[in-house]
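Per-entry structural report
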Amino acid sequence: MPFPGNRSSGSRSTERIERVEDRMPAVVSTSTPSPFDMDCSPLLAPLAPLEKRLYLAPDCYAFVFLMGSGFQSLWLATIVFVLQATILFFYATDESAFFQNGRWLTPISAHWSVNAMKGVSLTISVLKLFNEFHKAATLHQCYLRAVATSSARATSAAFVAVTQQWAVAMSILVVSVHLILAAQNAKWAMINAITIWFIMDVDEYATAFVLFCKRWPHFDWGVEAEDFEDKETMPSAKRSILMCGVIPALILSVMLGVAISVNTLPLTYVRFLQPVSNDAAPDLLVGADTPAGCCGPLIHNVTTTTVDVDVLLIGAVYEAAPRVTWVAVRQGLPAPSSLQIMLGRDGESNAALAAGSLPSQHVQSAYWLARHGFDKTEDYAAIEKHIARMNAAPFHASFRIGGLPPAQQLNIYVGAVNPSNLALPPIPVDAMATMQTCAAHCRDCRFASPGHCSVCEVGFRLESDWTCGACDKNCVRCGKTPGASCDLDGCAPGFTYLKGTGCLDCNIPHCDSCRVQDSNVSEVRLTVCTACKKGFVAGAGGAACFPCGIAGCERCDQVEHCGECQRGYGRHTLLGNITEVLADLEKNTAKTDLSNETLSMVRQELRVRADAGKLSVTKCAKCSENCDTCSEAETCDEGGCYPGFTSKRGACEPCAAHCVNCTETRNCNDGGCRYGYGVVHGLSSGRNCVKCLDDNCLECDGNPDVCSKCDKDYGITARGTCDMCASNCAVCEKGFCLQCSAGFGLDRDAGKCMPCADACEMCLKNGPGKCDPGGCRPGFGLLEEVCYRCRADHCYRCDDGPLELHCDECAPLATLTSNKTCKAVFE
C-alpha cells in the first residue's frame, strides 16, 4: 500500500472508505504480520531501501497517520493526548510529590535498599520510555517521507499526531524520573514506575478499544516504503535520532545530575527555582517543653471580616529571618501541611479563603511572652531553654487577615519557611476564629444578612451597602437626617450643625452647645453659647462661659447664685459683695479656667447686678449628719436620710439594727428589714429585725421560722421554708410553679415548665408549644398560635399574618408604605 493521501481522484468520503477497506483484508494470511507488530530495525540505522513494508506501533498517533483523512481522524489522538497530559499534570503538581510527613522529599535516601530499588525502577522505566521514543521516531520518519506524496490536510494532521506523541513521551520522561526519585521506600519506587508505564500505554488501550467498537480487528498497521537515495534518507534519520534519542538522553542526564548533586528532586528545583533542604527549619514552638497555650497563633480583634494574629517562633541564628506564611480555611477541613500553607492552599489542595506571607522580626522572647499574658517565670525559662537547645533565635510576626466571610468558624493555620533553603517546620500551628455576624460598629443586625447591619453604633451611620461608616469629623450621631452629613442634634459637644457646612466649632471655651448667630456665608459666623459644660455658666450674653466658683454646687444660674447643690449639700442665701464673690471664684476654680480676661468680664457683669456694692449670694453647705438630700443647709428633707435612719425635726436618727426603713427611732416598719431579716414585735423592745432561719429566705416578718418571700429561683413550701423551683421556673410556691421563665410556659398537667413555640418569648396564656399574641420574637408573626418568619422584607412585626406580604412595624431604617410593606431607606 502506498503512503496515505496518495490519491488522484474520487470524493473525500469515498477516499476514506477505500483506505479503511484496504486496511481490513477479508482473509488474513498466516504470513501477514500482526497489527501489533512493530519495526524492529535499529533506530540508529537509516531504513534499508529494500525494505518494502514498515509496521507502526498500534497506537492512536499511528492511527491518525494511517487513516490519511486529515483532521477528521485526529480526534482520538487529541482526546488521548489531553487525558495523558492531564494525568501527568496532576501527578507533577500534587504537593505529596514534593513534601510528605513534614519533610521535603529528596532523591537520595538514607537506606541503600531504597536507593537500589530507585535505580532498578529508573533503569526499567528508561528502557520502556526509549521504546516509546522509538515509536515516535518511526512515525516521524514515515511522516517526513510522506510529505511529498500526501495531501496538505493529511500531512498536517500527521504532524500534529507526531508532535503530540513526542510531547507526551518527553513529559512522561520528566515526571517518571521525579516520581521514582521521590519514593521514600522500595515498594513505592516500583509502584510509581508501574503507574508511569500504564500512563504510557493509554494510547494503545484507547486505540484497541476504538477498533473493537468499529469491528476492525485486523487493521493493517503496515505502510509501503519506497526506495530513497541515501542523501534523502539520511537527513530524515538524523532528525529522528536527534528528536527521539539525543534530546531525551540529554534531558535525562541533566535531571539526574542536578538532582543527585544538590539532593533536590527535579520538579522541586524547577518549581521553586532553588535547592531545598530539611535543615535549619523554623520552629513554631509546638512541643511539651513550651508553656501551655504558647505561642501562637494568638487571635484577637476579631471583627466581621478581619482578624489579628500574633505568633512567636524561632529560627536559625546566622541566617535570614524566617518568613511566616498563613492560610484561613473553614472549620472541618483537613489540616494543611507546611508546604500547602506556603502555597496558599487548604488541606485538600484547594485555594484557601485567604492566604499570605510576611517576613518575621527579631524579638526578645521574655518581653513577647509578658505582653501576651505569659507572665510566669517558668514560662520564660521554658522558652529560653528551648531556644538554647535548638541554638536558635526568637522571632515574631503580627499581621491582620482581611476579606474573611462573616458569621463563620475558621481555622487560621500558620507556618514558616527558611528563605535560604526553603526548610519548612514539620507541624504548622493553628487557632480557631469565630467571625462576628454583624458588620463592624453594628449595634443590631437581626434584620440584616451576615456581615451587614440594621442599626449602627453611636458615631456611625448605615451606608447603602448595609455596613456602618463613621460619621463626619466632630459628629457623633448621623444617618437619621436624610441628605445631611450629621443629624441636626448630632454634633459633638462644643460644635453646632450648620446646613451645607456640617459641624461648626462654637469657638467658645467650655461651651457644650451653641447656635449660629450669623449664617451669612460671606461673613464670619458668630456663635452664641446656649449651654456650658458642667461647672460653668453662660455669661456676657452667651459670648463666654464663666466658671462656677461655688463649692458643692451642681449647677449655677449665675456666677454668684447656685441653682442646684450637689447631693449631700443644701443651699443657703446671704448678702455678700463683689470682692468676696471674686475671692471664692479664684479659690474654687482651676487657674487654667480663669484668665485675667475672664475675671474682668465677671467683675463687669457683677457690677451690673450689684446694689450699692452688695449682692445676694446663694452658696452650698453640707446637710445635717446622715442626711442624703436637703433643700436648706444643715437640715434634712422628709425622707432624705440615709437607709437605716429616719428624719426627726430636720435631723436623722437611727432605726433598729438591720432595719432600712423606719418612721420611729430604734424601731422598724413592717417589711423594712434588709433581706434575710424579718420584723418581730416585742412587748418592751418594740419592732426589731431578727435573722431568718432559712438562708434562701428574703422576708420572714412575724416569725423567723416561717418565710414569706424567698430568693430568686426558690419557692415557699407548705412548712414555710424555701425550696428550689423546678427547671425553667421563675416563681414557685408550695411545690407548684406560678410563673415560668421567659420562653417557657406552664404545663399544668405535668406541673412543670415546657418550651414555648419556636421563636416565641412568651406563652403564659396559650401554654407550652404555642405562643401568646405579641409574644413572637422580632421578625416573626403569630399564625395559629405558633410563630413564622415574616414574609415581607425588613419587617419587625407582622401581626396580620406572617404568610402575607403585609407588615405592621418595619425594622430600623425601613419605612412602612401605604400598602403595608417595608421599604429600606437606601433602596
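Residues numbered from 1 in each chain as written. Predicted model: local features only at pLDDT ≥ 70, side-chain atom pairs only at ≥ 80, totals over all residues. Heavy atoms only, no water.

**Let's talk about the overall build of the protein**
The helix and strand inventory of the protein stands at 14 helices and 44 strands. The 827 residues of the protein split such that 44% are buried. Look at the contacts in the protein between residues 6 or more apart in sequence, and 50% of them connect residues 24 or more apart. Accessible surface, the protein as shown: approximately 42800 Å² in total, 54% of it carbon and sulfur. (Helix = DSSP H or I, 4+ residues; strand = E, 2+ residues; numbered from the N terminus. Buried < 20%, exposed > 50% of the residue type's maximum accessible area, 1.4 Å probe, protein only. Contact = heavy atoms within 4.5 Å. Areas by Shrake-Rupley, 256 points an atom, 1.4 Å probe, with all protein chains shown as cover.)

**Focus: the confidence of the model for the protein**
Averaged over the protein, the pLDDT score is 77; the fraction of residues at 70 or greater is 81%. Ignoring residues within four places in sequence, the model shows residues 1-51, a span with pLDDT below 50, making 89 contacts including any to other chains. The model gives residues 227-235 a pLDDT under 50, and that stretch makes ten contacts with residues more than four places away or in other chains. (pLDDT = per-residue confidence, 0-100.)

**Re the sheet that holds strand β10 (residues 392-401)**
With antiparallel pairing, the four strands of this open sheet are ordered in space as β5-β6-β10-β9. At either margin of the open sheet sits one strand with a lone partner, and together these are β5 (298-300) and β9 (361-362). Of the strand pairs in this sheet, β5 and strand β6 (residues 307-316) are connected by three bridges, and their pairing is antiparallel. Considered in β6, the bridge of Ile299 is made with Val309. (Pairing = 2+ DSSP bridges.)

**Some remarks on the sheet that holds strand β8 (residues 354-359)**
Across the sheet, which stays open at both edges, the four strands sit in the order β8-β7-β11-β12 with antiparallel pairing between neighbours. What marks the edges here is a single partner per strand, and that holds for β8 and β12 (429-434). Going from strand to strand, the sheet's axes swing by 20° on average, the running direction of each strand aside. (Axes fitted to C-alpha atoms, helices over the stretch in contact; angles between N-to-C directions.)

**Description of the nonpolar core**
Taken as a class, soluble globular proteins show a tendency for nonpolar side chains to be buried jointly. Ranked by size, the top nonpolar core spans 50 residues in total, and within it Tyr61, Trp104, Ile172, Val177, Ile196 and Leu339 carry the most contacts. Elements with a minimum of two residues in this core: α2 (60-67), α3 (75-93), α4 (112-146), α5 (152-182), α6 (186-200), α7 (202-214), α8 (230-262) and α9 (266-272). Leaving out residues up to four positions away in the same chain, Ile172 has contacts with Leu88, Leu129, Ile196 and Met200. Formed by 23 residues, the second largest nonpolar core is a distinct cluster that contains Val324, Trp326, Ala397 and Leu410. (Core = buried A, V, L, I, M, F, W, Y, C linked by side-chain atoms within 4.5 Å.)

**A look at helix α14 (residues 596-609)**
The end-to-end C-alpha distance of α14 is 20 Å, a good match for the 20 Å that 14 residues give at a rise of 1.5 Å each. Turning to α14, its buried residues are Thr598, Leu599, Val602 and Leu606. The buried residues of α14 occupy one face: seen down the axis, they fall within an arc of 95°. Exposed side of α14, more than 90 degrees from the buried face: Asn596, Glu597, Gln604, Arg607 and Val608 are the residues found there. Buried residues along α14 sit against β22 (544-547), α13 (578-587) and β26 (614-622). (Expected span 1.5 Å × (residues − 1). Arc of directions from axis to C-beta.)

**Here's the deal with the pairing of β10**
When a strand is regular, its side chains alternate between the sheet's two faces. The buried count for β10 comes to eight of ten residues, which makes it a mostly enclosed element. The sheet contact formed by β6 and β10 spans ten bridges and is antiparallel. Bridge assignment links Val311 to a residue of β10, and that residue is Ala397. Pairing analysis gives two bridges linking β9 to β10, with the strands arranged antiparallel.

**What to know about the pattern of salt bridges**
Following the criterion strictly, the structure yields 14 salt bridges and no others. Two residues, Lys770 and Glu785, come together in a salt bridge whose shortest N-O distance is 3.4 Å. Here Lys770 is found in the loop between β38 (752-755) and β39 (780-783), whereas its partner Glu785 is found in the loop between β39 and β40 (786-789), with 15 residues between them in sequence. Judged by its relative accessible area of 35%, Lys770 is partly exposed. Lys820 is paired through a salt bridge with Asp808; the nearest N and O atoms lie 3.2 Å apart. Separated by twelve residues along the polypeptide, Lys820 in the loop between β43 (814-816) and β44 (822-824) and Asp808 in the loop between β41 (795-797) and β42 (809-810) bring together distant segments of the chain. What makes Lys820 partly exposed here is its relative accessible area of 29%. Overlapping salt bridges, with partners in common, bring together Arg555, Asp557 and Glu564 in one network. (Salt bridge = Lys/Arg side-chain N within 4 Å of Asp/Glu carboxyl O.)

**Some words on the packing of aromatic side chains**
For the structure on display, the rule yields five aromatic pairs. Between Phe98 and Phe272 the ring centres are 6.4 Å apart and the planes differ by 90°, which places this aromatic pair in the edge-to-face class. On the criterion of sequence distance, the pair formed by Phe98 in the loop between α3 and β2 (99-100) and Phe272 in helix α9 is long-range, its members being 174 residues apart. Judged by its relative accessible area of 1%, Phe98 is buried. (Phe/Tyr/Trp six-rings, centres within 6.5 Å; stacked < 30°, edge-to-face > 60°.)

**Topic: the environment of Cys627**
With respect to the helices, strands and loops of the structure, Cys627 is situated in the loop between β26 and β27 (645-648). The spatial distance from the C-alpha of Cys627 to the C-alpha of Phe645 is 8.6 Å, given a sequence separation of 18 residues. Not counting residues up to four positions away in its chain, the partners in contact with Cys627 are Gly568, Thr635, Cys636, Asp637, Gly640, Cys641, Tyr642 and Cys652.

**Some details on the state of the cysteines**
As used here, a disulfide is simply a covalent bond connecting the sulfur atoms of two cysteines. This model, assessed by the stated rule, comprises 29 disulfides. Across the disulfide, Cys655 is cross-linked to Cys662 (sulfur-sulfur distance 1.8 Å). Of note, the bridge from Cys655 to Cys662 carries an S-S torsion of about -75° and is left-handed in sense. By relative accessible area, Cys655 is classed as buried at 7%. Residue Cys662 is classed as buried on the basis of its relative accessible area, which comes to 5%. Disulfide pairing is shown between Cys756 and Cys763; the S-S distance is 1.9 Å. Where Cys756 bonds to Cys763 through sulfur, the torsion about that S-S bond is close to -75°, and the disulfide is left-handed. Looking at Cys756, the relative accessible area reads 7%, which means it is buried. Note on Cys763: relative accessible area 0%, which makes it buried. (Disulfide = S-S within 2.5 Å.)

**A few points about the packing of α3 against α7**
Relative to each other, α3 and α7 sit at 145°, their axes nearing to 10 Å. Classified by chirality, the crossing of α7 by α3 is right-handed. Here Trp75, Leu76, Val80, Leu83 and Gln84 of α3 come into contact with α7, specifically with Val202, Asp203, Ala206, Thr207 and Val210. (Left-handed = near helix turned anticlockwise from the far one by under 90°.)

**Points about unusual backbone geometry**
Across the chain, the bulk of peptide bonds are trans and the bulk of non-glycine residues have phi less than zero. Of note in this structure, Asn626 is not a glycine but carries a positive phi near 65°. Inspection of the secondary structure puts Asn626 in the loop between β26 and β27. The residue His658 is not glycine, and still its phi comes out positive at about 65°. Structurally, His658 can be placed in the loop between β28 (651-654) and β29 (677-682).

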